[in-house]
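# Summary of structural features
In case you want the letters, here they are:
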Amino acid sequence: MSLQKFIRASTAQSALALPKSSFYAHIEEGLLPPPIRLGKRSVGWLESEINAVIAARIQNRSDDEIKLLVQQMINNRNSTI
C-alpha cells in the first residue's frame, strides 16, 4: 500500500504553474479535482491527483479527456470510503 500525501493549494498552484484565480476556475470547470477537507478550516489535494493532471497535460490530452480523468479520480475517492 502506498502512502498518499496531501498538498496545500499554494503547492498545487505552483506545480501547475497556475495563478490562484485560474486554479480555482479549473476546479469549477472539472479540469482539476476538488479539494479534500482535512479539518474544520483546512483543505488539501492529493499530490498523486495533481501529478496525474500534470502528466495528462504533458501527454497533450484534451480538456474533455482531463475532465474524464478528474471524474475517475473523484469516483475512486468515493469508492475507497
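For the structure itself, look to the data block above.
Note that the structure is predicted; figures quoted are calculated from it, not measured.

Before going further, it helps to examine the overall build of the protein. Within the protein, the secondary structure is distributed over four helices and three strands. Across the protein, helices and strands are ordered from the amino to the carboxyl terminus as β-α-α-β-β-α-α. Relative to a compact globule of 81 residues, whose C-alpha radius of gyration would be 12 Å, the protein shows 12 Å and is just as compact. If you line up the protein on its principal axes, its C-alpha atoms span 35 × 30 × 20 Å. Across the 81 residues in the protein, those meeting the buried criterion constitute 28%. Considering only intrachain contacts with a sequence separation of at least 6, the fraction spanning at least 24 residues in the protein is 51%.

Ranked by internal contacts, the top residues of the largest apolar core, which has 15 residues, are Leu-16, Phe-23, Leu-32, Trp-45, Ile-50, Val-53 and Ile-66. Taken together, the elements giving at least two residues each to this core come down to α1 (9-16), α2 (20-29), α3 (47-58) and α4 (63-79). Contact partners of Phe-23, with chain neighbours within four places excluded, come to Ala-9, Ala-12, Gln-13, Leu-16, Leu-18, Leu-32 and Trp-45.

What counts and what doesn't
Residues numbered from 1 in each chain as written. Predicted model: local features only at pLDDT ≥ 70, side-chain atom pairs only at ≥ 80, totals over all residues. Heavy atoms only, no water. Helix = DSSP H or I, 4+ residues; strand = E, 2+ residues; numbered from the N terminus. Rg over C-alpha atoms; globule rule 2.2 N^0.38 Å. Buried < 20%, exposed > 50% of the residue type's maximum accessible area, 1.4 Å probe, protein only. Contact = heavy atoms within 4.5 Å. Core = buried A, V, L, I, M, F, W, Y, C linked by side-chain atoms within 4.5 Å.

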